[in-house]
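One-letter residues, chain by chain:
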Amino acid sequence: MKTVSSDIRRIFRASLILLVLCGVSLSAKTIEILNVSYDPTREFYVQFNEAFSTYWKEKTGDDVVVKQSHGGSGKQARAILDGLQADVATLGLGYDINVLVEKGRLLPEDWQQRLPNNSSPYTSAIVLLVRKGNPKGIHEFEDLARPGVSVITPNPKTSGGARWNFLAAWGYALKKWNGDKAKARAFVAAIYKNTPVLDTGARGATTTFVERGIGDVFISWENEALLVLNGKDKAEFSLVVPSTTILAEPPVAWLDRNVRRHGTEAVSRGYLEFLYTEKGQEIAARNYYRPRNAKIAGQFSSQFAPTQLFTVQEVFGAWNDIQKTYFAEGGIFDEIQRDNR
Amino acid sequence: MSIPIRYSAGLFASTIVSLAVLAADDTEAQLRQLREQLSALDQKIRTLERQREVDQEIAVDKAKAQPLATIDDKGFTIRSADTNFTMRIHGVFQGDGRFYFDHAAGAANDTFLARRVRPIFDGTVYRLFDYRLMLDFGSGLNSAAANVGFVQDAYVNMNIDPAFQIRVGKDKVPLSLERLQSDVDLGLPERGFPSVIAPNRDTGIQFRGEPWGGKFEYQLGVFNGLSDGGSGDFETTDSGKDVVARVFFQPFRDQRAKWLKGIGLGVGGSYGDQRGAVRSYVSTGQQTIFSYLNGNGSTPLTPQVTAGGEHWRVEPQAWYYWGSLGILGEYIVSDQKLQRTAGTSVLQTRADNRGWQIQGSWFFTGEENTFRTVNPLRPFTLGDGGWGALQAVARINQLTLDNQLFPVFANPDTSVSKASEWSVGINWYLNRLVRVSADYSQTHYEGGAKNPATAKDEKVLISRVQLSF
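Everything numeric here is computed off the predicted structure, so don't read it as measured data.

Cut-offs applied
- Residues numbered from 1 in each chain as written.
- Chains lettered and ligands numbered in written order.
- Predicted model: local features only at pLDDT ≥ 70, side-chain atom pairs only at ≥ 80, totals over all residues.
- Pairing = 2+ DSSP bridges.
- Helix = DSSP H or I, 4+ residues; strand = E, 2+ residues; numbered from the N terminus.
- Axes fitted to C-alpha atoms, helices over the stretch in contact; angles between N-to-C directions.
- Contact = placed C-beta atoms within 7 Å.
- Buried ≥ 20, exposed ≤ 12 C-beta atoms within 10 Å, placed from the backbone.
- Core = buried A, V, L, I, M, F, W, Y, C linked by C-beta atoms within 7 Å.
- Domains from an automatic or database assignment.
- pLDDT = per-residue confidence, 0-100.
- Parallel < 35°, antiparallel > 145°, perpendicular 65-115°, else oblique.
- Left-handed = near helix turned anticlockwise from the far one by under 90°.
- Nonpolar A, V, L, I, M, F, W, Y, C, P; charged D, E, K, R; others polar.

### Digging into the sheet that holds strand β9 (residues 252–254) of chain A
Residue and element names in this part refer to chain A.
Okay, step 1: Read across the sheet, four strands follow the order β2-β1-β3-β9 without closing on themselves; strand pairing throughout is mixed. The open sheet has two free edges, formed respectively by β2 (63–71) and β9, since each of these has just one partner strand. Going across the sheet, the axis of each strand differs from the next one's by a mean of 20°, ignoring polarity.
Okay, step 2: Judged from the three bridges that link them, strand β3 (residues 88–90) and β9 form a sheet pairing that is antiparallel. Across the sheet, the residue bridging to V88 is W254, located in β9.
Okay, step 3: Packed onto the sheet, helix α2 (residues 42–60) meets β1 (30–38) and β2 and runs at close to 165° relative to β2.
Okay, step 4: This element, helix α3 (residues 73–81), spans β1, β2 and β3 of the sheet and lies at about 135° to β1.

The structure is reproduced here in structure tokens:
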């Protein structure tokens with residue numbers, strides 16, 4: 001019988017050398033990640049991605065290309081569930097990321113604890129954009145329920161921004177009528193009766209109001225309204241900040257299952273952590289998002305009108321409960337729409 | 001008179017002015033009303049137009065939310081709107097012609113055959129669980145107690161994460177590189193000698209994954225255990241199990257430098273305890289070239305060789321793909337404890353059999369070479385200038401049997417101690433699904449002079465028409 005141990009030793013030695021060579025070679029490279037986001041963040045992330053690529057190149061030597069996808073927040077969450085290979089999700093509201101946990105098991109349940117501020121690196125408020133000179137005399141959410149006022153807001157079934165709008169109006173009503181839910185429901189129903197068209201996303205609703213000239217008032221993300229007011233059509237519109245409105249806290253998360261598959265865990269995490277740096281916060285503020293960082297917030301304080309802000313947790317509780325009560329099939333929004341027909 | 005006239009004139013003038021003002025007020029009011037009506041109508045038209053756009057957008061989204069059935073080059077696919085449930089029905093057909101030249105009397109006959117006829121059902125349930133059932137009705141396949149030959153693959157794969165999956169059922173044993181290559185993607189119609197030694201399909205459980213974006217691939221499994229080249233789905237001779245492991249690296253996979261990207265290196269191995277029947281080895285032309293003594297073992301004249309315990313294999317393996325060039329190489333050692341029973345005489349030994357191959361291929365038509373299915377740049381179309389892809393393939397490979405086997409465990413007159421083969425072939429990919437191949441293979445044998453299959457060098461032309469979808 002032939003002695004084989006020396007041959008085997010040789011084979012293992014050669015294999016070991018090859019494997020070590022492989023390990024050594026995991027070096028500088030070009031990485032691509034996909035950020036799936038909601039509608040109004042397009043301009044912000046174009047600037048942010050550029051800054052992040054520079055930062056990451058300096059930090060690691062790797063080139064990183066960040067691709068963007070935008071749409072209604074709920075639609076984007078569904079697209080991810082349907083296979084869109086997002087590395088990070090920067091969506092309009094926490095519920096849409098909860099869906100990725102529950103239905104897609106793409107990230108852990110405690111995702112909000114992985115980054116500061118419940119994984120919401122920047123905020124916004126829900127405000128009102130009216131036509132030049134405010135011809136309908138709109139100053140508060142209350143004015144939106146008046147007969148003859150045409151209100152533009154997207155569909156809460158598909159748009160995260162629209163859900164914030166709905167909750168802003170509902171929260172305003174609860175505060176005005178001391179928590180009277182029936183009055184709040186009637187008030188919000190009156191607003192939706194004044195809504196001629198429900199777009200599927202916030203950017204579509206902006207198009208409806210700004211470009212198509214439909215409606216008297218547009219319930220909008222503050223950043224989206226400020227973007228319009230600082231754009232080419234700024235002379236055509238005025239901003240109305242209600243005395244009380246909701247603090248919108250769009251969340252961000254890396255999708256563990258996808259980043260592991262793509263080998264992009266470190267860069268995806270670094271990308272979201274960069275949002276919290278002064279540079280990231282400054283870019284957010286320049287794009288009219290309210291920064292979390294106190295120093296940057298101070299620098300940009302004149303940009304944001306003072307108002308009394310309430311959070312969704314303070315008034316409504318957890319997102320899953322909110323979804324079930326207001327926006328799920330047969331929820332309050334469906335009832336309102338049915339009654340308004 | 002002058003005063004009344006003056007008054008009258010004043011009254012007249014004031015009346016005219018009043019009437020004019022009244023008329024102007026009336027016109028202004030009408031105009032305002034008209035403007036308001038126009039504005040309202042304009043709003044209604046704009047709203048209707050916008051509503052139509054939104055309705056179209058919603059209709060598109062709704063269509064996406066419907067279950068989908070498609071038929072295309074990947075087969076017939078049904079999937080739920082959320083893609084959590086899918087089923088794909090597809091298949092493989094390989095029609096071969098084998099023509100032997102200059103062979104001894106009693107060797108294999110020239111023949112046409114259906115080498116593989118495989119309907120395949122695979123898909124996903126509840127997003128997490130993948131499944132695959134591949135049957136085979138190819139020529140000459142049969143079933144035994146230890147293996148239902150008609151069932152090639154039958155497994156459930158729990159797709160927890162690309163980096164970690166659990167697969168249970170009958171599947172290819174993750175050891176040999178060419179064995180793991182899909183039958184439809186082989187460079188030459190028949191695999192090389194390393195696959196004769198490596199196990200084929202076995203039943204068990206394996207943990208597998210591709211972390212770091214596929215740069216690293218691993219499999220670790222426990223299987224029933226097989227003799228060399230065999231398939232099985234039921235343990236009939238022992239309770240021993242094989243532990244099989246394989247790692248494979250593509251460290252430069254996402255590098256820009258194309259000449260580096262296609263380097264793949266790995267090693268596979270198995271260890272276990274096996275008893276019972278041992279298999280014969282076959283040539284490229286599928287003729288039996290080596291058999292252990294296979295009498296009934298009851299008398300000194302009818303010795304029987306069986307697996308007698310420890311069995312391990314190890315196989316370093318590599319590939320390299322750069323543009324149209326592809327190279328694949330592997331070297332396998334199979335070391336098995338054997339037992340020879342002849343009446344009351346029982347002998348034991350260890351067989352150390354080896355095989356290796358180097359295979360190279362090149363696309364004349366510019367396609368990117370790959371371990372997997374090739375997409376022709378210009379699929380064949382009648383009268384439209386597309387001729388498909390043309391690939392040349394060459395291979396050298398060798399099988400070496402342990403000298404210690406002869407003559408006590410194997411008959412040197414009927415079994416070879418070494419087989420050295422070279423092959424050249426040409427593959428014409430008419431499109432992604434249809435391929436026509438021709439391969440000439442010549443194998444030189446040492447030993448086996450009284451076996452018609454090995455008395456002379458095997459010279460065989462294998463042609464194949466393949467449809468896989």
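### Quick look at the environment of R79(B)
Residue and element names in this part refer to chain B.
Okay, step 1: Tracing the backbone shows R79 in strand β2 (residues 75–79).
Okay, step 2: R79 gets classed as partly exposed once you count the C-beta atoms within 10 Å, which come to 18.
Okay, step 3: In this structure the C-alpha to C-alpha distance between R79 and L68, which are eleven residues apart in sequence, comes to 5.3 Å.

### Regarding the nonpolar core
Within soluble globular proteins, side chains that are nonpolar generally end up buried alongside one another.
Okay, step 1: Ranked by size, the top nonpolar core spans 96 residues in total, and within it V88(A), A89(A), V188(A) and L255(A) carry the most contacts.
Okay, step 2: In this structure, this core is formed jointly by two domains, domain 1 (30–120 + 250–276) and domain 2 (123–248 + 306–340) of chain A, each of which donates at least three residues.
Okay, step 3: In contact with A89(A), other than residues within four places in its own chain, are V36(A), I80(A), I97(A), L100(A), A253(A) and L255(A).
Okay, step 4: By size, the runner-up hydrophobic cluster in this structure holds 31 residues, among which are L293(B), I332(B), L405(B) and A453(B).

### Considering the confidence of the model for chain B
When pLDDT drops low, the exact placement of atoms in the prediction is not to be read closely.
Okay, step 1: Looking at chain B as a whole, its pLDDT mean stands at 91, while 95% of the residues score no less than 70.
Okay, step 2: For this predicted complex, the interface confidence comes out at an ipTM of 0.71, alongside a pTM of 0.65.

### Description of the packing of α2(A) against helix α11 (residues 265–274) of chain A
Residues and elements named next belong to chain A.
Okay, step 1: It is the contact of α2 with α11, at a shortest axis distance of 11 Å, that shows an interaxial angle of 120°. Between α2 and α11, the angle falls in the class oblique. Crossing of α2 against α11: the hand is right-handed. On the side of α2, the interface is formed by F52, Y55 and W56, while α11 contributes V267, G270, Y271 and F274.
Okay, step 2: By residue class, the composition of the contact of α2 with α11 is six nonpolar, one polar and no charged.

### What to know about the pairing of strand β10 (residues 242–249) of chain B
All names here are of chain B.
Okay, step 1: Pairing of strand β9 (residues 216–223) with β10 involves eight bridges; the strand directions are antiparallel. Of the residues in β10, the one forming a bridge with F223 is D242.
Okay, step 2: Taken together, the eight bridges between β10 and strand β11 (residues 263–277) define a ladder with antiparallel strand orientation. Each bridged residue has a counterpart across the sheet, and for F249 the counterpart in β11 is L265.

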